[in-house]
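Take a look at the letters that make up each chain.
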Amino acid sequence: MKVKIVNHSHHKLPEYATVQSAGMDLRANISESIVLSPMERKLIPTGLFIALPPGYEAQVRPRSGLALKQGITVLNSPGTIDADYRGEVGVLLINLSLQDFTVNDGERIAQMVIARHEQAELVEVEELDTTERGAGGYGHTGVK
């Protein structure tokens, strides 16, 4: 699949790190460093603009290393970029650690996964069919 991209950043295009990687790293495109204090959130620009084919979305997800080592994650994870969105791809980062975190220009701050999706047609009914699980949720499976 081909995705059209406009690169207004001064960094190379996102790319897959390995042959079987699901996500491409997104980089901060900023003129000066941004400090995220504990529990602070900021929208970090990437300088990228994309046009996805109909039936696809781009998901902006945290980078596992930043999450584990620094406590930095994507607040609305995964952030969805719809096929008809033409604005700049931004990454909403939050600092869940106890220390300040500095975002530097060119730093890999998130990953982007391109995924196919369907639009559902909702059919209103009076009741649902029954299943073994029923209404059990949040921690229900695996509990004996």
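Residues numbered from 1 in each chain as written. Predicted model: local features only at pLDDT ≥ 70, side-chain atom pairs only at ≥ 80, totals over all residues. Heavy atoms only, no water.

Novice: Would you mind showing me how to read the overall build of the chain here?
Specialist: Tallying secondary structure elements over the chain gives one helix and ten strands in all. If you list the helices and strands of the chain from N to C, you get β-β-β-β-β-α-β-β-β-β-β. Computed over its C-alpha atoms, the radius of gyration of the chain comes to 19 Å, more than 25% above the 15 Å expected for a compact globule of 144 residues. Once the C-alpha set of the chain is aligned to its principal axes, its extents read approximately 55 × 40 × 30 Å. The 144 residues of the chain split such that 33% are buried. Contacts spanning at least 24 positions in sequence make up 69% of the contacts within the chain whose residues lie at least 6 apart. Across the chain, the centroid of the 14 positively charged side chains sits 11 Å from that of the 18 negatively charged ones. (Helix = DSSP H or I, 4+ residues; strand = E, 2+ residues; numbered from the N terminus. Rg over C-alpha atoms; globule rule 2.2 N^0.38 Å. Buried < 20%, exposed > 50% of the residue type's maximum accessible area, 1.4 Å probe, protein only. Contact = heavy atoms within 4.5 Å. Lys, Arg positive; Asp, Glu negative; His and termini not counted. Charge placed at Lys NZ, Arg CZ, Asp CG, Glu CD.)

Novice: Explanation requested: the environment of Lys-42 in the structure shown.
Specialist: As for its placement among the helices and strands, Lys-42 is situated in strand β4 (residues 41–51). Separated by 64 residues in sequence, Lys-42 and Gly-106 place their C-alpha atoms 16 Å apart. Non-local contacts of Lys-42, meaning those with residues more than four positions away in its chain, are made with Ile-34, Val-35, Leu-36, Val-91, Leu-92 and Leu-93.

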